[in-house]
Amino acid sequence: MSERIYVFDTTLRDGEQVPGCQLNTIEKIEVARMLEALGVDVIEAGFPISSPGDFNSVREISKSVSSPVICALTRAVRKDIEVAADALSLARRKRIHTGIGVSPYHIYDKLRSTPDEIIERAVAAVKYAKSFVEDVEFYAEDAGRSENEYLARVVEAVIAAGATVVNIPDTTGYCMPHDFGAKIKYLVDNVPNVDRAIIATHCHNDLGMATANTLAGVLNGARQVEVTINGIGERAGNTSLEEVVMALRCHKGYGLDTNIDSHLITKASKLVSSLMNMPVQPNKAIVGRNAFAHSSGIHQDGVLKNRENYEIIDPQSVGVDESVIALTARSGRAALGHRFELLGYELTQAELDEVYEKFLKLADSKKDIRDVDLLYLVGDMETLRANHIKLRQLQVMTGMLVPTATVIIRFGDSDRMATATGNGPIDAACNAIKSMINEKVVISEFLIQSMSKGSNDMGRVHMQVQLNGRTAQGFAAHTDTVRASVEAFLDALRILGVTEKPEQES
């Protein structure tokens, strides 16, 4: 049986400190409920004294979720602690997270204090927080750059004062993994009362080592990890929840695991990315669009024979339907034959060899190969014409009216027109297109990115569309973002090979 590692999620506090990523209370509650479903043990809901909005969010989240501990951040200041206690008054399980800087930089330059005075203030804060709640966590800010001997004195003192959890942050992301692991081990070995509290890690990613440092801490005795969805957070971000969870799950030999339901990881990632308008980089571990995509012919052949040849994680275990075999100039015959099988073609070896030579020439001139390109290679012009979808005309009405869109689409050799309403012009246009196709598709990801600046800016749109377990990525760019969105939608529909609905059914 694995030893339990507690997951402390600070997406709604440290994660929300990213400029431009602030959420309103309703959005925070939506994220908190997602975190509860995910199985996190503690939700750091905010910093109540920082603003009325943060105070209200902590209070409302306290009423909206029941399983996780709800945590509120404070400084080692009595008023902060009082306000946090008030904000947490309705929480079923509550924790105050208080602390102070302990590195020479913080003690002398930031706080203009002395090491002994810092310990006195830390102890006083923990005792005062303890008068409001039983569960008190202390953070030793900038512990990563603190001397281990002094840090041990601080940890011993706050545990004696009643701290149930002691957080050892690498606040500036300075530490190397072996140094951070050694720091945690030093505390475990040299703090006499360390068995009376849980040691936690809170690592930042300034040098790209947040996950590595967190895992080093866990392997040396830390039993709580402080993380965010997608690794968002101050500056270069925090430790990524999904990376720590799946690293421990892949390495079962260490006997350490969390209570996270990994099947919801991708869903949680998309929710946070969407609400915070913060795209996930395509090559991001676990949740990036390309995390389970293979373009090398050697890799594709290996994956098709046995997924574990090149994948240490089953995509479905994190909520991804399937791996992606992307056809490029580096793809081999195995991948090409596999794609033709999905399209319903059974090619002989001689036919595959002939098509493969044509495929390589085409792939050298294109970034990626679509299904319509493969139909062209095998000369299936009838299917190609049937699958040809092109935007002919787009008209939208919005403003004070219900958003309405009229779209004319060319399917093969004929034009079809439909009108629909929606929550906005883009939704209305997509609804009109959906009314003209046979298949029921779902838009699972939608992103608009600015390509330059100004009111005449070019908008690049990425749209992920799903159909019967298959996923397609559509892309388009235009100064008219509604048109770019429609073109991206049609781009994905072409890949999926959707068909036109009979006219009388429209």
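Above: the structure in question.
Residues numbered from 1 in each chain as written. Predicted model: local features only at pLDDT ≥ 70, side-chain atom pairs only at ≥ 80, totals over all residues. Heavy atoms only, no water.

Visitor: How should the overall build of the protein be read in this particular structure?
Guide: When helices and strands are counted, the protein shows 17 helices and 18 strands. Principal-axis analysis of the C-alpha atoms places the extent of the protein at approximately 80 × 60 × 40 Å. Only carbon and sulfur atoms are counted for the fraction: they give 50% of the accessible area of the protein, which is about 23,300 Å². In the protein, 54 positive and 67 negative side-chain charges are present, and the distance between their average locations comes to 3 Å. (Helix = DSSP H or I, 4+ residues; strand = E, 2+ residues; numbered from the N terminus. Areas by Shrake-Rupley, 256 points an atom, 1.4 Å probe, with all protein chains shown as cover. Lys, Arg positive; Asp, Glu negative; His and termini not counted. Charge placed at Lys NZ, Arg CZ, Asp CG, Glu CD.)

Visitor: For this particular structure, what's the right way to read the pairing of strand S13 (residues 389-397)?
Guide: Side chains on a regular strand alternate between the two faces of the sheet. Taken together, the 8 bridges between S13 and strand S14 (residues 404-411) define a ladder with antiparallel strand orientation. Across the sheet, residue Lys390 finds its bridge partner in S14, namely Arg410. From the end of S13 to the start of S14, which pair antiparallel, there are 6 residues, and Gly399 there has a positive phi angle of about 90 degrees. (Pairing = 2+ DSSP bridges.)

Visitor: Can you walk me through unusual backbone geometry in this structure?
Guide: Only a minority of non-glycine residues have a phi that is not negative, and only a minority of peptide bonds are not trans. If you check the backbone angles, Arg235 has positive phi at about 55 degrees while not being a glycine. Structurally, the position occupied by Arg235 is in the loop between strand S9 (224-227) and helix H9 (241-250). The backbone of Ile286 shows a phi angle near 75 degrees, a positive value even though the residue is not glycine. Along the polypeptide, Ile286 turns up in the loop between helix H10 (265-275) and strand S11 (293-294).

Visitor: I would appreciate a short explanation of the environment of Asp427 in the present structure.
Guide: Mapped onto the elements, Asp427 comes out in helix H16 (residues 425-434). Along the primary structure Asp427 and Ile70 are separated by 357 residues, whereas in three dimensions their C-alpha atoms are 36 Å apart.

Visitor: How do you make sense of the nonpolar core when you look at a structure like this?
Guide: In terms of nonpolar packing, the biggest core is built from 90 residues, with Leu38, Phe138, Val155, Val166 and Ile168 touching the most fellow members. A total of 9 residues in this core trace back to one element, the largest contributor, which is helix H6 (residues 148-161). If sequence neighbours within four positions are ignored, Ile168 has contacts with Ala143, Leu151, Val155, Phe180, Lys183, Ile184, Leu187, Ile199, Ala200, Thr201 and His202. (Core = buried A, V, L, I, M, F, W, Y, C linked by side-chain atoms within 4.5 Å. Buried < 20%, exposed > 50% of the residue type's maximum accessible area, 1.4 Å probe, protein only. Contact = heavy atoms within 4.5 Å.)

Visitor: I tried to follow the sheet that holds strand S16 (residues 442-450) on my own but got confused; where do I start?
Guide: Strand pairing in a sheet is mediated by backbone hydrogen bonds. Such pairs are either parallel or antiparallel. The strand order S16-S17-S18 describes an open sheet built from 3 strands, whose pairing is antiparallel. Each edge of the sheet is formed by a strand with only one pairing partner; in this case those strands are S16 and strand S18 (470-478). Going across the sheet, the axis of each strand differs from the next one's by a mean of 15 degrees, ignoring polarity. Judged from the 8 bridges that link them, S16 and strand S17 (residues 459-467) form a sheet pairing that is antiparallel. Directly across from Ser450, in S17, lies its bridge partner Gly459. The sheet contacts of helix H17 (residues 481-496) involve S16, S17 and S18, and relative to S18 the element is tilted by about 150 degrees. (Axes fitted to C-alpha atoms, helices over the stretch in contact; angles between N-to-C directions.)

Visitor: Just checking my understanding: could you explain the pattern of salt bridges for this structure?
Guide: Side chains that differ in charge, positive against negative, can pair when their charged atoms come close. Going through the model one piece at a time under the given rule, you end up with 29 salt bridges. In this structure, the salt-bridge partner of Asp86 is Arg59, at a minimum N-O distance of 3.0 Å. Here Asp86 is found in helix H3 (residues 78-87), whereas its partner Arg59 is found in helix H2 (residues 52-64), with 27 residues between them in sequence. The exposure class assigned to Asp86 is partly exposed, which follows from its relative accessible area of 39%. Members of the salt-bridge network, linked through shared partners, are Arg13, Asp14 and Glu44. (Salt bridge = Lys/Arg side-chain N within 4 Å of Asp/Glu carboxyl O.)

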